[in-house]
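Below are the chains, spelled out letter by letter.
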Amino acid sequence: MIEAVGLTKRFGAKTAVDQLSFQVKPGHVTGFLGPNGSGKSTTMRMVLGLDRPTSGRVTINGLPFRELPNAQRHVGALLDAKAVHGGRRARTHLLSIAQLSGIPEKRVDEVLGVVGLQDAARQRTKGFSLGMGQRLGIAAALLGDPQVLLFDEPVNGLDPEGILWVRNLMRKLASEGRTVFVSSHLMSEMALTADHLIVIGRGRLLADMSTQDFITHNSAGFARVRAAAGPAADGSDGKTSLATALTRAGGRVLQEPDGALRVTGLELPRVSDLAHEAGVRLWELSPHRASLEEAYMRMTQSSVEYTSTEDPRAELWEPEPLTVPEWEEEAAVTAETAASFFAPPPPGSGRPFLMPGSAADLARGSENTPEEHR
Ligand SMILES: Nc1ncnc2c1ncn2[C@@H]1O[C@H](COP(=O)(O)OP(=O)(O)OP(=O)(O)O)[C@@H](O)[C@H]1O
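Residues numbered from 1 in each chain as written. Predicted model: local features only at pLDDT ≥ 70, side-chain atom pairs only at ≥ 80, totals over all residues. Heavy atoms only, no water.

- The name given to the protein chain in an unreviewed UniProt entry is ABC transporter ATP-binding protein, with the source organism recorded as Streptomyces katrae.
- Quoted verbatim from the Sequence similarities (unreviewed entry) field of UniProt, the annotation for the protein chain is "Belongs to the ABC transporter superfamily." (UniProt positions renumbered as here; feature names shortened; annotations may be inferred.)

The following block contains the structure:
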């Protein structure tokens, strides 16, 4: 088991990892998720004794990595697949690691076979593709047949077949009772691979729960409804009349980019009845589930360190003025609205974790401002 308690790492004024506490248990694939720069690699480096924590501690089976007897035989890791001498052949690279750790030569050929590089064994690694490099890194991690495995972005550069292979390999390693800790920023991939998720943003813990619980807590149901173009029966704008009727009936209404409305808090038949009563014809009424990827993006959005700006194209075009109907403001500003869509708590159990930057946090005042999560 890997255990972090109050783990913190500062680089000068930069706090890369901030009071992280979590456990990674054997027999499971634990996904470690977070946006670019959120502190995943730094955390993994501290687990492996490559960076020293500023405060707090992290142990593997109760001991810091550096105090583990014959650590290389118990812990395998893929951190940076490019950290290989380009002039070396793949087999020679693995053989040198094996010899340093007292691992028999036969094992080198075994792992080359496991990762599908047997035919490239005698090629120099500088000619390797990104995907081949990843496979070689995974082979190195498997050399000592370790009980604890860490993989930093193992599917980087792999084709779909390679991604599927890594997914199955992680699951197989966990099913053998090993501790498997895998970092990624791809929520969709982790949802398929990991049983448990640890999500961080700006070095802080955002979620630590089973993948199933994460899905249940974060993929909210909603209805998509689209008013027919043109005026309603009373001559008013159909979409506005519909949104007003839905909001008055207790629904929460948000505008979709394509002009449809996203409604939570009302059953589909009720939406249909309300549209009928308002004299609005519908072109669409359908049930939907917010995707896990979307929930993850919402959760981590205020923790994203590197964000792009719009390309103004040197003022070659004028942005269109934005008109916000009255009902939209009413629906969008309540804390309940955002909280219920972004992170619906399970019935009777309260909120599972904080959603930095959500309207709910803002409504609570300075207690959880986005600034605090930096
Ligand atoms: N040696 C270092 N010196 C200074 N700052 C560092 C150092 N290593 C990491 N950082 C900073 O710490 C923060 C966390 O970086 P880290 O590489 O751990 O994030 P990450 O989640 O692994 O990102 P990515 O998904 O892009 O790989 C970043 O802001 C990074 O610039």
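1. Some details on the sheet that holds strand β13 (residues 282-289)
Logical step 1: Spatially, the four strands line up as an open sheet ordered β11-β12-β10-β13, and their pairing is antiparallel. Two strands lie at the open edges of the sheet, namely β11 (252-255) and β13, each paired on one side alone. The mean angle between the axes of side-by-side strands here comes to 25 degrees, regardless of whether they run parallel or antiparallel.
Logical step 2: Across seven bridges, the pairing between strand β10 (residues 221-227) and β13 is antiparallel. Opposite A227, over in β13, you have L282 as the bridge partner.
Logical step 3: Packed onto the sheet, helix α10 (residues 268-277) meets β10, β12 (261-264) and β13 and runs at close to 160 degrees relative to β13. (Pairing = 2+ DSSP bridges. Helix = DSSP H or I, 4+ residues; strand = E, 2+ residues; numbered from the N terminus. Axes fitted to C-alpha atoms, helices over the stretch in contact; angles between N-to-C directions. Contact = heavy atoms within 4.5 Å.)

2. Digging into the pairing of β10
Logical step 1: In terms of burial, β10 is largely enclosed, as five of its seven residues are buried.
Logical step 2: As paired elements, β10 and β12 share three bridges and run antiparallel to each other. In the sheet register, A223 faces β12, and the bridge partner there is V263. (Buried < 20%, exposed > 50% of the residue type's maximum accessible area, 1.4 Å probe, protein only.)

3. Some words on a positive patch on the surface
Logical step 1: The grouping of R89, R122, R124 and K126 at the surface amounts to a positive patch.
Logical step 2: Among the structural elements, K126 can be located in the loop between α4 (105-114) and α5 (130-142). (Patch = residues over 30% accessible without salt bridge, like charges linked within 9 Å, V, L, I, M, F, W, Y side chains within 5 Å. Areas by Shrake-Rupley, 256 points an atom, 1.4 Å probe, with all protein chains shown as cover. Salt bridge = Lys/Arg side-chain N within 4 Å of Asp/Glu carboxyl O. Lys, Arg positive; Asp, Glu negative; His and termini not counted. Charge placed at Lys NZ, Arg CZ, Asp CG, Glu CD.)

4. As for the sheet that holds strand β3 (residues 29-33)
Adjacent strands of a sheet form backbone hydrogen bonds with each other and so pair up, either parallel or antiparallel.
Logical step 1: Strand order in the open sheet made by the six strands is β5-β6-β7-β3-β8-β9, with mixed pairing throughout. Since the sheet does not close on itself, it has two edges, and those belong to β5 (75-78) and β9 (204-210), each with one partner. If you compare each strand with its neighbour and ignore which way they point, the axes differ by 15 degrees on average.
Logical step 2: Against the sheet, α5 contacts β5 and β6 (148-152), and its axis sits at roughly 170 degrees relative to β5.

5. Observations regarding the site of the ligand
Logical step 1: Around the ligand, the structure places 14 residues, and the nearest of them are N36, G37, K40, S41 and T42.
Logical step 2: Contact distances for the ligand include 2.7 Å between an oxygen atom and a backbone N or O atom of G37.
Logical step 3: S38 has a polar backbone atom sitting 3.1 Å from an oxygen atom of the ligand.
Logical step 4: When the ligand sits alone it has 630 Å² of accessible area, and the protein chains cover 63% of it.
Logical step 5: Looking at the shell around the ligand, the elements that each hand over two or more residues are β2 (14-24) and α1 (40-47).
Logical step 6: When residues of the shell around the ligand are assigned to their parent elements, the largest contribution, three residues, is made by α1. (Near = heavy atom within 4 Å. Polar contact = N/O pair within 3.5 Å; in protein donor to acceptor, adjacent residues only side chain to side chain.)

6. Points about helix α3 (residues 90-100)
Logical step 1: Buried within α3 we find A90, R91, H93, L94, L95 and A98.
Logical step 2: For α3, the elements touching its buried residues are α4 and α5.

7. So, the pattern of salt bridges
Logical step 1: The final tally for this structure, using the stated rule, is 17 salt bridges.
Logical step 2: With its nearest N and O atoms 3.1 Å apart, the salt bridge here joins D18 to R204. Here D18, found in strand β2, pairs with R204, found in strand β9; they are 186 residues apart in sequence, far enough to count as distant.
Logical step 3: Across the salt bridge formed by R135 and E161, the nearest N and O atoms sit 3.4 Å from each other. Here the residue R135 occupies a position in helix α5, and E161 occupies one in helix α6 (residues 160-175), the gap between them amounting to 26 residues.

8. So, the packing of α3 against α4
Logical step 1: Closest axis-to-axis distance for the α3/α4 pair is 9 Å, and the angle between their directions is 135 degrees. One way to sum up the angle between α3 and α4 is to call them oblique. The chirality of how α3 crosses α4 is right-handed. Residues R91, L94, L95 and A98 of α3 form the contact with α4, whose participating residues are E105, V108, D109, V111 and L112.
Logical step 2: Counted by class, the contact of α3 with α4 contains six nonpolar, no polar and three charged residues. (Parallel < 35°, antiparallel > 145°, perpendicular 65-115°, else oblique. Left-handed = near helix turned anticlockwise from the far one by under 90°. Nonpolar A, V, L, I, M, F, W, Y, C, P; charged D, E, K, R; others polar.)

9. Considerations on the packing of aromatic side chains
Logical step 1: For the coordinates displayed, the defined rule picks out three aromatic pairs.
Logical step 2: Arranged with centres 5.7 Å apart and planes meeting at 40 degrees, the rings of F22 and F181 form a pair that is tilted. Of this pair, F22 sits in strand β2 while F181 is found in strand β7 (residues 179-184), placing the two residues 159 residues apart along the sequence. In terms of burial, F22 and F181 fall into one category: buried. (Phe/Tyr/Trp six-rings, centres within 6.5 Å; stacked < 30°, edge-to-face > 60°.)

10. Quick word on the layout of surface pockets
Logical step 1: Taken as a whole, the largest pocket encloses approximately 600 Å³ of empty space.
Logical step 2: Considering the residues around the largest pocket, the lining is formed by 22 residues, among which A77, L78, L79, I97 and A140 are closest to the centre.
Logical step 3: Among the secondary structure elements, those contributing two or more residues to the lining of the largest pocket are β5, α3 and α5.
Logical step 4: Of the residues belonging to the lining of the largest pocket, the class tally is 15 nonpolar, six polar and one charged.
Logical step 5: Approximately 220 Å³ is the volume found for the second largest pocket.
Logical step 6: Residue lining of the second largest pocket: 15 residues in total, with S41, L79, D152, E153 and N156 positioned closest to the centre.
Logical step 7: Counting only elements with at least two residues in the lining of the second largest pocket, the list comes to α1 and α5.
Logical step 8: Looking at the lining of the second largest pocket residue by residue, the class counts come to four nonpolar, six polar and five charged. (1 Å grid on protein atoms, 1.4 Å probe; cavity = no way out; pocket = protein on both sides within 12 Å on 5 of 7 lines; lining within 4 Å. Points joined across faces, edges and corners; volume = space filled by probe spheres on them.)

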